[in-house]
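# Chain and residue survey
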Amino acid sequence: KAHWRAPPKPVNATAAATPPVPDAHPIDPASIPPLSFDIADLRVNALSLGKATVRTRPSTAGMRFETLQTQSPQHRLGVTGEWNGMGAAARTRLGLQIDSEDFGALMEGLGFGGQLSSGKGTAKFDATWPGSPREFGARGLAGTLALDVKQVTLLGIEPRACGGLGAAAIAA
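As the structure is a prediction and not an experimental result, all values here were calculated from the model.

About the thresholds
Residues numbered from 1 in each chain as written. Predicted model: local features only at pLDDT ≥ 70, side-chain atom pairs only at ≥ 80, totals over all residues. Heavy atoms only, no water. Helix = DSSP H or I, 4+ residues; strand = E, 2+ residues; numbered from the N terminus. Buried < 20%, exposed > 50% of the residue type's maximum accessible area, 1.4 Å probe, protein only. Contact = heavy atoms within 4.5 Å. Areas by Shrake-Rupley, 256 points an atom, 1.4 Å probe, with all protein chains shown as cover. pLDDT = per-residue confidence, 0-100. Pairing = 2+ DSSP bridges. Core = buried A, V, L, I, M, F, W, Y, C linked by side-chain atoms within 4.5 Å.

## Topic: the overall build of the chain
A tally of helices and strands in the chain yields two helices and nine strands. Going from the N terminus to the C terminus, the chain shows its helices and strands as β-α-β-β-β-β-β-α-β-β-β. Relative to its 172 residues, the chain shows a buried fraction of 26%. Intrachain contacts of the chain at a sequence separation of at least 6 include 45% that bridge at least 24 residues. In the structure as shown, the chain presents an accessible area of about 10900 Å², 60% of it carried by carbon and sulfur atoms.

Here is the structure:
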């Protein structure tokens, strides 16, 4: 079993907008040995992701994420990518695919509740950013997001702001 909890969210927007502080002791991803984990019950915050598999291998410039997959009755996640370089030269590239029977429950379990209700489908996210995987953020982020989600309700949208759509269900 593995249960990971995210650190508490910042209380104010100023703290959230603060860029990450450079690591005084950066890790060289090429020095990390191959990792191989099989987890029977992976949980992130309140979300049960079920069975998980993690496989990495070193590359000449860093680390390659060969397989990071989870599978539960409601959600299936798959991640591939690379982490190359260290310090100011570090760069991360990730590809993420999520297949979910309930995107609302997925978001709620990850701590982003109140955005969606229900929703079944697929999300694909391919991105690169400067820094290590833990330095993910909007600064320097480049990538694409493709959504194919049906029977989802967007919550908290003012009806007049969207030409009468309100908390409309969006179907492709």
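Alright, that's what it looks like, and here's the rest.
## Focus: the confidence of the model for the chain
On average, residues of the chain score 83 in pLDDT, and 80% of them reach the 70 mark or higher. Low pLDDT (under 50) marks residues 164-172, which in the prediction has 20 contacts with non-local residues, meaning those over four places away or in another chain.

## Details of the environment of Met63
The topology assignment puts Met63 in strand E4 (residues 62-71). When the C-alpha positions of Met63 and Pro34 are compared, they lie 8.5 Å apart, and in sequence the two are 29 residues distant. Excluding residues that lie within four positions of it along the chain, Met63 makes contacts with Pro29, Ile32, Leu35, Thr56, Arg57, Pro58, Gly81, Glu82, Trp83 and Asn84.

## Quick notes on the pairing of strand E7 (residues 116-130)
When strand E6 (residues 91-100) meets E7, the two strands line up antiparallel, connected through 10 bridges. From the neighbouring strand, Arg91 faces E7, where its bridge partner is Pro130.

## Some thoughts on the nonpolar core
What tends to happen in soluble globular proteins is that the nonpolar side chains get buried as a cluster. Residues Leu42, Leu49, Ile98, Phe103 and Leu106 are the most contacted members of the largest nonpolar core, which totals 13 residues. Listed by contribution, the elements that provide at least two residues to this core are strand E2 (36-44), strand E3 (47-58), helix H2 (103-109) and strand E8 (142-154). If we skip the residues at most four places from it in the chain, Ile98 touches Arg76, Leu77, Phe103, Leu106, Gly121, Thr122 and Ala123. Grouped together as the second largest cluster of nonpolar side chains are five residues, Ile32, Met63, Trp83 and Ala90 included.

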